[in-house]
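Residue strings, one per chain:
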Amino acid sequence: MNPAMHLRTTALLTLTWLVSTARTPAEDGADFFEKRVRPLLAERCFECHSPEKKVKGGLRLDVREGWAKGGDTGPAIEPGKLDESLLITAVRYHDKDLQMPPKKKLSEAEVATLEEWVRLGAPDPRTGAGAVAKKQTGLTIEEGRKFWAYIAPKKCEPPAVKDAAWPRGDIDRFILAKLEEKGLQPVGDAAPEVLARRLCYALVGLPPTREQAACSVEQLVDELLGSPHFGEAWGRHWLDVARFAESSGGGRTLLFKDAWRYRDYVIEAFNSDRPFDQFLREQIAGDLLPAGDPGQRSRQLTATAFLALGPTNYEEQDKQQLRFDIIDEQLDTIGKAVLGQTIGCARCHDHKFDPIPQRDYYALAGIFASTRTLANYTDNVARWVDAPLSMDGEQEEKLRAHETRLAAMKADLDAAKNNLAALRKNAGPAAPLPGIIVDDAEATAVGEWKESHYPNNIGVGSKHDMNADKGRKTLTFLPKLPASGRYEVRLAYPAFANRSPRVPVQIFHADGEETVFVNQTQPPPIDELFVSLGKFRFEKDGAGFVLVSNEGTTGYVGADAVQFLPEEETAPVAVANQSDAGKKMEARVKQVEGAMKKLASTGPRRPVAMAVRDEEEVADTNIRVRGLVNQKGALVPRGVLQVALAAELPALSEKESGRRELADWLASPGNPLTARVFVNRVWSWLFGAGLVRTTENFGTTGEAPSHPELLDWLAIHFVEEGWSVKKLVREIVLSRAWQLGNAERGTRSAESKRMDAADLPRSEDPDNRLLAHANRRRLDAEQLRDSILTVSGELRLEVGGSNITGAGEINANDTSSQNTEYKYEFTDTRRSVYTPAFRNKRLELFEVFDFANINAPVGHRDVSTVAPQALYLLNHPFIVEQSKLAAARALASSSTDAERLAEAFRAALGRAATDAERATCEKFLAGADADRERRTEGWSQLYQSLFGCLDFRYLE
């Protein structure tokens, strides 16, 4: 067979099994509008464009009809068309005749929010001509308590059925009763090989082995539930819900280098069958719970990363805005993940549809306002809390001894630095400084800058912009560097209360440019002179420089000097006319710094985990009018959702945030939502759709349950069985309802005499909500990758551990973390749950096959069928490489070609080849026996065809 014919035959064989009907889910932007756009419009636009203040140019932005109709110049927005939307033109400030707001340009982040809104089609749920502050239309608390989701689950006996021989348990009685009520009958049971494959993927996410396929159903279920791979598959489900990621996202992404500990915590929790109520408590309040030993203490601390893993803009300079944005994300996550409620919609106003008043939102917000999620509120680029973890026995003793030595050296270093700073201060303006200093007197000025003189000034004085002509003044500091290399860049400035809290400083270096914002209301942290702008590479005689601008600033902008400090300790520094005492103290500082660096690098390291902790001061918080941080309303006591309170909430401690009490309420058997929401998730993960299909929304805009009595029975049974996930899963997969045949391939059981799929009256239940047959389901992205690696023999099955190459060596708050993410090469062959979960860059297979959106809780993934999926399986280097490895593995065995073919079908599809398939494959491989290279290529393309066929990526 010539190569061209060989390739065409392969393509034909593959395309025979491929489908390419497209379906893409519509994106709902209402949540984006409520959380991001509405507060921005209220804060920056309503002053001129709402009837509460004034309506300039005839344009209203407080209602949807306002921007759609537009003002004197026509519609303000053309949904989906950025360049044709006047609102976007105005906020971009590109047109000198159309710039809004006129007093102060929006920040880049605010402009980006409006652009994304318009790009999404300008979703806007506001209706009518009234102002934003009009009364909302949601249910009252009393009305809400009559809605099904807020009523406690009711215990009921499984219903009687006509065909008493069919059910295997109580779940089946609920299912059959509904079918009989509609005059429907279930199809026959799935074939044994179909059921074995279905069970293995459902419980461990891997294809069945030859031995597993031969087991009885109960024996296989128990084996899979006891496998360490159960936690990997079911932990992955929860990681979707927990919006697990290993970077913060955004342009200046930060690497969550220790997030893997939370991932491993989740996997271990499912493997050990930790009761779900305890699992919840640990994630909400693990740091506040008692612990019997260091291991438990570390586990509980690690669990609180659940609250810290969200997509966060750590560069936000308004730290109170950042703080409340994080709180909002935490409440949104807990609401959807645990309660099935869209709590975040009540940040700006009472919930429009559900009985969640704004007061309840801020009662919960007070708990998290009393919780520390950021390490501090002063860093230019904020960061999360790192919690040191306890070790056992001898390891802990060694760590403590090492830490004691480091603490002593740190105290010595601090004392030396304080003495050095005092010497420099007493020496006056002429005190020399290390590195290359560019004084403000040497800077190139654009616009008028005023010179001022303060005792700590470097050189003869400093300059400020007189708080005038914003956006038109700059100072450029151009260094004369003695050598190429990496330099730490520092800015010196006088700090005063009237200075700008967000001064843009641009560093133009050999690898590009970087903008850092400096809060000049705060004293410089380094010797009360400098703030570090970061470390960058510069070329000798290159074009590198630092530019201080007053664009977009409020308050005075000042600059005293810029210091370029060589990164290497041995690099030459400019020191002139320094006193002997100063030289000795500087040498002492360097000596101690070097010793500390050596000791830290060679000694044992205490593991740390992302975590949260209580604030030192615990307090209630105020309602924020329209969600605006600085517009405070009434003070609200900390609490929970009133509509879901079965009894009076115990008084919250005045010494703790209230997370302990919140966790107890969430995990209480009396909470009407928690158990219902989780058992519905389990049902969805096993059946492909929940009894309530809107898994994150049990509110009035969500779907009602298809089997409400069964949902309540499952919730109560789950709690009575000790919140055991494994018991719940076992009971569901052993039910007859879960083991039915597929609609297209249902089988008639001689004993049950059930109807074939062809006889099923689909018009009565077109969506199969009553579960008369199994739903055919596509493997998810991780299952596809893990299956391909299993067939090729490349899958590594080590459980747990760090997974990002280089993550341990870099500071996660350093810009080098961006390079780790953006340039990352996904080369490992461990299970997909360990593949780095970056927010900006994902493994391509995950992108193509509908990996969950890791910026929000996702309990049920969208499933699309689009052309790129077929193209990926046909052409991607990963598929080609794994096919070659699978072929080489097959040919290296001592089997005959017939045995190899049988094994290929068993491994990839979980079944034997049909007579027609076998004949086609044998014909395809004919003629390649004489040439080893062509023989290997033939088997490789055969495996690639199997990977591309429908039966590989779908479960019956």
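Preceding this section is the structure that the text describes.
A brief structural summary. (Residues numbered from 1 in each chain as written. Predicted model: local features only at pLDDT ≥ 70, side-chain atom pairs only at ≥ 80, totals over all residues. Heavy atoms only, no water.)

### Describing the overall build of the protein
Along the backbone of the protein there are 32 helices and 21 strands. In the protein, 72% of the contacts between residues at least 6 apart in sequence involve partners at least 24 apart. For the protein, the exposed area adds up to about 42,100 Å²; of that, 52% sits on carbon and sulfur atoms. (Helix = DSSP H or I, 4+ residues; strand = E, 2+ residues; numbered from the N terminus. Contact = heavy atoms within 4.5 Å. Areas by Shrake-Rupley, 256 points an atom, 1.4 Å probe, with all protein chains shown as cover.)

### Re the pairing of strand β15 (residues 561-566)
On a regular strand, each side chain points to the face opposite its neighbour's, so the side chains alternate between the two faces of the sheet. Burial of β15 is extensive: six of the six residues sit out of reach of the surface. Here four bridges tie strand β4 (residues 436-439) to β15, and the two strands are oriented antiparallel to one another. Each bridged residue has a counterpart across the sheet, and for Ile437 the counterpart in β15 is Gln563. (Buried < 20%, exposed > 50% of the residue type's maximum accessible area, 1.4 Å probe, protein only. Pairing = 2+ DSSP bridges.)

### Overview of the sheet that holds strand β7 (residues 462-464)
Spatial ordering of the open sheet is given by β6-β7-β14, a layout of three strands whose pairing is antiparallel. The two strands at the open ends of the sheet, each matched to only one other strand, are β6 (450-452) and β14 (558-559). Pairing analysis gives two bridges linking β7 to β14, with the strands arranged antiparallel. In the strand pairing of β14, Lys463 is matched with Ala559.

### Structural notes on helix α27 (residues 867-875)
Think of an α-helix as turning once every 3.6 residues; residues three or four places apart then point the same way. Taken together, the buried positions of α27 are Gln869, Ala870, Tyr872 and Leu873. Taken down its axis, α27 places every buried residue within 155° of arc, on the same side. Those residues of α27 that are buried are in contact with β20 (777-778), α26 (844-848), α28 (877-892), α31 (932-948) and α32 (950-953). (Arc of directions from axis to C-beta.)

### Things to note about the side chain of Ser787
Mapped onto the fold, Ser787 is located in helix α24 (residues 781-792). Of note is the side chain of Ser787, whose polar atom sits 2.6 Å from the side chain of Tyr201. Leaving out residues up to four positions away in the same chain, Ser787 has contacts with Tyr201, Pro207, Leu779 and Phe952. (Polar contact = N/O pair within 3.5 Å; in protein donor to acceptor, adjacent residues only side chain to side chain.)

### Re the pairing of strand β11 (residues 512-518)
Judged from the seven bridges that link them, strand β10 (residues 503-509) and β11 form a sheet pairing that is antiparallel. Following the sheet pairing, Ile507 is matched in β11 by Glu514. In this structure, the hairpin formed by β10 and β11 is closed by a connection of two residues.

### Brief notes about the environment of Leu955
Take Leu955: it is sitting in strand β21 (residues 954-955). For Leu955, a relative accessible area of 12% translates into the label buried. For the pair Leu955 and Val194, spaced 761 residues apart in the sequence, the C-alpha separation amounts to 7.9 Å. Apart from the residues lying within four places of it in its own chain, the contact partners of Leu955 are Arg197, Arg198, Tyr201, Asn775, Arg776, Arg777 and Leu779.

### A closer look at the sheet that holds strand β13 (residues 545-549)
Read from one edge to the other, the open sheet built from five strands follows the order β5-β8-β13-β10-β11, with strand pairing classed as antiparallel. The sheet is open, and its two borders are formed by β5 (444-446) and β11, each paired with just one other strand. On average, each strand axis in the sheet is inclined to that of its neighbour by 20°, with strand direction left out of account. Note: β5 against strand β8 (residues 474-477), three bridges, orientation antiparallel. Residue pairing for β8: Val446 is matched across the bridge by Thr474. (Axes fitted to C-alpha atoms, helices over the stretch in contact; angles between N-to-C directions.)

### A short note on helix α6 (residues 108-119)
Between its first and last C-alpha atoms α6 spans 16 Å; for 12 residues at 1.5 Å apiece the expected length is 16 Å, and the two agree. Where α6 is concerned, the buried positions are Glu110, Val111, Thr113, Leu114, Glu115, Trp117 and Val118. Gly121, located one to two residues past α6, shows a positive phi value of around 100°. (Expected span 1.5 Å × (residues − 1).)

### Observations regarding the environment of Gly121
Within the secondary structure, Gly121 sits in the loop between α6 and α7 (141-144). The class of Gly121 is partly exposed, set by a relative accessible area of 26%. Measuring from C-alpha to C-alpha, the distance between Gly121 and Glu78 comes to 8.1 Å, with 43 residues separating the pair along the chain.

### Comments concerning the nonpolar core
The nonpolar side chains of soluble globular proteins are, as a tendency, buried together. Formed by 168 residues in total, the largest nonpolar core has its most connected members in Leu203, Trp234, Trp238, Tyr262, Trp683 and Leu686. Not counting residues within four places of it along the chain, the set of residues in contact with Trp238 comprises Tyr262, Val266, Phe270, Phe276, Phe279, Leu280, Gln283, Phe306, Ala337, Phe678 and Trp685. (Core = buried A, V, L, I, M, F, W, Y, C linked by side-chain atoms within 4.5 Å.)

### Description of the packing of aromatic side chains
This structure, assessed with the given rule, holds 35 aromatic pairs. Consider the rings of Phe538 and Phe564, whose centres lie 5.6 Å apart with planes at 85°: the pair is edge-to-face. Placement of the pair is Phe538 in strand β12 (residues 530-538) and Phe564 in strand β15, with a sequence separation of 26 residues. On the basis of relative accessible area, Phe564 is assigned to the buried category, the value being 0%. Ring centres of Tyr824 and Phe838 lie 5.3 Å apart, and the angle between their planes is 70°; on these two criteria the pair is classed as edge-to-face. With a gap of 14 residues between them, Tyr824 in the loop between α25 (816-822) and α26 and Phe838 in the loop between α25 and α26 connect regions that are remote in the sequence. Across the pair, exposure class does not vary: Tyr824 and Phe838 are buried alike. (Phe/Tyr/Trp six-rings, centres within 6.5 Å; stacked < 30°, edge-to-face > 60°.)

So yeah, pure geometry; function would need other evidence.
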